[in-house]
There are 2 protein chains.
Amino acid sequence: MKHVLTIGEILVEIMALDPGNGFLEPISLIGPFASGAPAIFIDQVARLGQPCGIIGCVGNDDFGELCLQRLQADGVDIGAVARDPERPTGSAFVRYRPDGQRDFVFNIRHSACGSMAASEASQAAIRGCDHLHVMGTSLFSESLVEMTTGAIQTVRARGGTISFDPNIRGELLELPGLREALKSVAMLADLFMPSGQELFLFSQARTESHAVAEVLDWGARAVVVKRGTEGASYFDREQTMSVPAIPVREVDPTGAGDCFGATFVTCWLRGMPPERALSLANAAGAMAVLKKGPMEGVSTMGELQAFLEAGEGRK
Amino acid sequence: MKHVLTIGEILVEIMALDPGNGFLEPISLIGPFASGAPAIFIDQVARLGQPCGIIGCVGNDDFGELCLQRLQADGVDIGAVARDPERPTGSAFVRYRPDGQRDFVFNIRHSACGSMAASEASQAAIRGCDHLHVMGTSLFSESLVEMTTGAIQTVRARGGTISFDPNIRGELLELPGLREALKSVAMLADLFMPSGQELFLFSQARTESHAVAEVLDWGARAVVVKRGTEGASYFDREQTMSVPAIPVREVDPTGAGDCFGATFVTCWLRGMPPERALSLANAAGAMAVLKKGPMEGVSTMGELQAFLEAGEGRK
């Protein structure tokens, strides 16, 4: 089985229990939950039974311990996760506004996440993987961009594959040089997995099909467009297909895209037909939103299959 | 009325609702509460009607906004509080263990608290004050020690007074040079306010009276020893007195020592007899523990007087 690696932020999330605006008064919270887009991604990969690991850095505190225990228990290789002796584990406070939008208070760049650096363990992890998944959220500093692009080159040189989920927060795009860094990563991806309008981030194209054609011209083997409650589409040089989302009663949307991506990448690496991979990934996204907590809704392959079969039965 | 200034960390506190060990699983929390020992101290000073201000730094986030709004609403001059555009507001997660001890996850040194630096506003605040209160917790970096010792010299040169609360967390004492920095501050204090065994931090003395004599020999005008539920004692060259604590049903001990200190300093600056100052300070400490939240139990002078009178009535 192919070994999947990702690089990026491992952090804890603290959630407001009730909707409202911001964090300007004491409110009821729940946490810490293990989180971070790459961490959620790789935890879902592990839960599917795929060998995998993450390069990251947490603090020498209970929050870091919680994240490491959780990832390890689910089967993620954490040998390349450093522990910063000084900086705290990254954190994100999140509160849902009444309109469904979210307010955040982040501590990422100045947390242990920001001290990620190449090490013997990270180099070994990069040399030992067959597939590298890159997330735009993780490219928040020059040194991380450098480390990630170096990893991409190593993995490609050894015949491995790359997937890329731009996963961009608006405020990050303002960082100098970030858009260029993202584009250079996108151009090296075998599997490009934008959410909705992210397809147009690096393209002058006006239509989806033109933008997809452009990405395929860069050399990508496939493009998967995630459309949230509208489902997802798959494009390669031979075929295009869409599958609808599975309607569920959403409890907490955080992590849905990461679980979708993890499942699609895993199925794709296992050589499944794209339609089946899309369906299972959709199921993973649907199951992810049924539980409160960013990483609490990850699923095994058996659970995804059962979920899909139950859906077939309901038709 | 004399203008009181303090320098130090302004942060938010997030509290676990139920006792337990550490933060290794998602639990119910409440917060953010405005906190930080110097912030609690100065908020209590302001609530007593004394003109006052704080030099500090918060992040450009909701947590910083909450702290500033709270301090300003209570009458603290926040003109010398900077906002770091990048680093987050400091934070402390706290959970009470079943035995009453506390577990913390701190983010202070690498938060906006750590980017405190001398500025025109801070220099103006230092020149404009009559009394400077220094807390050991705030001396967590070389630049803060330098800024604080500079402020002490300026205030003393202008005829102002200094109070010093060592308020030491064990892990901070490990920082290189910190014990020496604390001692040099202690030796310049007019009012030295240790908690319990902190009296012996800088002394080879074996008994309380010898340690007190040593501090008075350095030039301190008075020593106030805080003993928590055992009350407090006052020492100067002429007199010694102790007052018992006021027994209350403790809801949350955080902030009690800071409210005690703020009230004693304020009363002392107003020229009250030490016994009265001790009694009011004890009342402030007692009232502080009646409310959940580090800064939620601050009191007005009227409330302290009424609380003491009610106690007299109960005798």
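Residues numbered from 1 in each chain as written. Chains lettered and ligands numbered in written order. Predicted model: local features only at pLDDT ≥ 70, side-chain atom pairs only at ≥ 80, totals over all residues.

(A) Focus on the overall build of chain A. Within chain A one finds nine helices and 14 strands. By the compact-globule yardstick of 20 Å for 315 residues, chain A fits well, its C-alpha radius of gyration being 18 Å. Summarising its shape, the C-alpha atoms of chain A cover approximately 50 × 45 × 40 Å along the three principal directions. Looking at chain A residue by residue over its 315 residues, the buried ones come to 51%. For chain A, long-range pairs separated by at least 24 residues make up 70% of all intrachain contacts whose partners lie at least 6 apart in sequence. (Helix = DSSP H or I, 4+ residues; strand = E, 2+ residues; numbered from the N terminus. Rg over C-alpha atoms; globule rule 2.2 N^0.38 Å. Buried ≥ 20, exposed ≤ 12 C-beta atoms within 10 Å, placed from the backbone. Contact = placed C-beta atoms within 7 Å.)

(B) Looking closely at the environment of A:Gly160. Residue and element names in this part refer to chain A. Looking at where Gly160 falls in the secondary structure, it is placed in the loop between helix H4 (142-157) and strand E10 (161-165). It is 7.4 Å that separates the C-alpha atoms of Gly160 and Cys129, two residues lying 31 residues apart in sequence. Ignoring any residue separated from it by four or fewer positions in sequence, one finds Gly160 in contact with Cys129, Asp130, His131, Leu132 and Val155.

(C) Molecular detail of helix H7 (residues 208-218) of chain B. All names here are of chain B. Among the residues of H7, those classed as buried are Ala211, Val212 and Val215. For H7, the arc enclosing every buried residue in end-on projection is 100°, short of the 170-degree limit, so these residues lie on one face. H7 presents Ser209 and Asp217 as exposed residues on the side facing more than 90 degrees away from its buried surface. Where the residues of H7 are buried, they touch strand E11 (191-192), strand E12 (222-226) and strand E13 (232-235). In the segment just after H7, Gly219 is the residue with positive phi, at about 120°. (Arc of directions from axis to C-beta.)

(D) Layout of the interface of chain B and chain A. Contact residues are listed per partner, giving 25 residues for chain B and 24 residues for chain A. Only strand E3 (27-35), helix H2 (62-73) and strand E8 (102-107) of chain B provide two or more residues apiece to the side of chain B that touches chain A. Among the elements that make up the side of chain B that touches chain A, the one with the highest residue count is E3(B) (six residues). Of the residues in the side of chain B that touches chain A, the class split is 13 nonpolar, six polar and six charged. (Nonpolar A, V, L, I, M, F, W, Y, C, P; charged D, E, K, R; others polar.)

(E) Up close: the packing of helix H7 (residues 256-269) of chain A against helix H8 (residues 274-288) of chain A. Residue and element names in this part refer to chain A. At their nearest, the axes of H7 and H8 sit 7 Å apart, and the two run at 155° to each other. One finds that H7 runs roughly antiparallel with respect to H8. Our pair here, H7 against H8, has a crossing hand that is right-handed. Where H7 abuts H8, its residues Ala256, Gly257, Cys259, Phe260, Ala262, Thr263, Phe264, Cys267 and Trp268 lie against Arg276, Ala277, Leu278, Leu280, Ala281, Asn282, Ala284, Gly285 and Ala288. Class assignment of the residues belonging to the contact of H7 with H8 gives a composition of 13 nonpolar, four polar and one charged. (Axes fitted to C-alpha atoms, helices over the stretch in contact; angles between N-to-C directions. Parallel < 35°, antiparallel > 145°, perpendicular 65-115°, else oblique. Left-handed = near helix turned anticlockwise from the far one by under 90°.)

(F) Main features of the sheet that holds strand E7 (residues 90-96) of chain B. In space, the eight strands of this open sheet follow the order E8(A)-E7(A)-E2(A)-E3(A)-E3(B)-E2(B)-E7(B)-E8(B), with mixed pairing throughout. This sheet does not close on itself; its edge strands, each paired only once, are strand E8 (102-107) of chain A together with E8 of chain B. Here the average twist between neighbouring strands, direction ignored, is 25°. Bridge count between strand E3 (residues 27-35) of chain A and E3(B): five bridges; the pairing is antiparallel. If you follow A:Ile27 over to E3(B), its bridge partner there is B:Gly31. The strands touched by helix H2 (residues 62-73) of chain A within the sheet are strand E2 (11-16), E3 and strand E7 (90-96) of chain A together with E8 of chain B, with E3(A) carrying the most contacts at an inclination of about 50°. (Pairing = 2+ DSSP bridges.)

(G) Representation of the relation of the copies chain B and chain A in the model. Superposing chain B onto chain A requires a rotation of 180° together with a translation of 0.0 Å along the rotation axis, leaving an RMSD of 0.0 Å. The transformation just described matches what one would write down for a two-fold rotation axis. No C-alpha of chain B approaches the rotation axis more nearly than that of B:Leu29, which lies at 2.4 Å. (Least-squares fit on C-alpha atoms with pLDDT ≥ 70 in both.)

(H) How the structure looks around the nonpolar core. In this structure, A:Ala284 and B:Ala284 are the most contacted members of the largest nonpolar core, which totals 200 residues. The contact partners of A:Ala284, leaving out residues within four places of it in the chain, are A:Gln44, A:Cys259, A:Phe260, A:Ala262, A:Thr263, A:Ser299 and A:Leu304. (Core = buried A, V, L, I, M, F, W, Y, C linked by C-beta atoms within 7 Å.)

(I) Quick look at the environment of B:Gly257. Residue and element names in this part refer to chain B. Position of Gly257 among the secondary structure elements: in helix H8 (residues 256-269). With 29 residues separating them along the chain, Gly257 and Gly228 place their C-alpha atoms 7.6 Å apart. Other than its neighbours up to four places away in sequence, Gly257 contacts Ser195, Lys226 and Gly285.

(J) Summary view of the pairing of strand E12 (residues 222-226) of chain A. Residues and elements named next belong to chain A. The buried fraction of E12 is high, at five of five residues. Side chains Ala222, Val224 and Lys226 project from E12 onto one buried face, and the interleaved Val223 and Val225 project onto a second face that is buried too. For the handedness criterion, the β-α-β arrangement of strand E11 (residues 191-192), helix H6 (residues 208-218) and E12 is classed as right-handed. Note that E12 and strand E13 (residues 232-235) share four bridges and pair antiparallel. From the neighbouring strand, Val224 faces E13, where its bridge partner is Tyr234. Remark: five residues form the turn of the hairpin made by E12 and E13, two consecutive strands paired antiparallel; Gly228 in that turn has positive phi of roughly 60°. (Right-handed = clockwise from strand over helix to strand, strands pointing away.)

Such coordinate-based values are descriptive only and should not be taken to indicate function.
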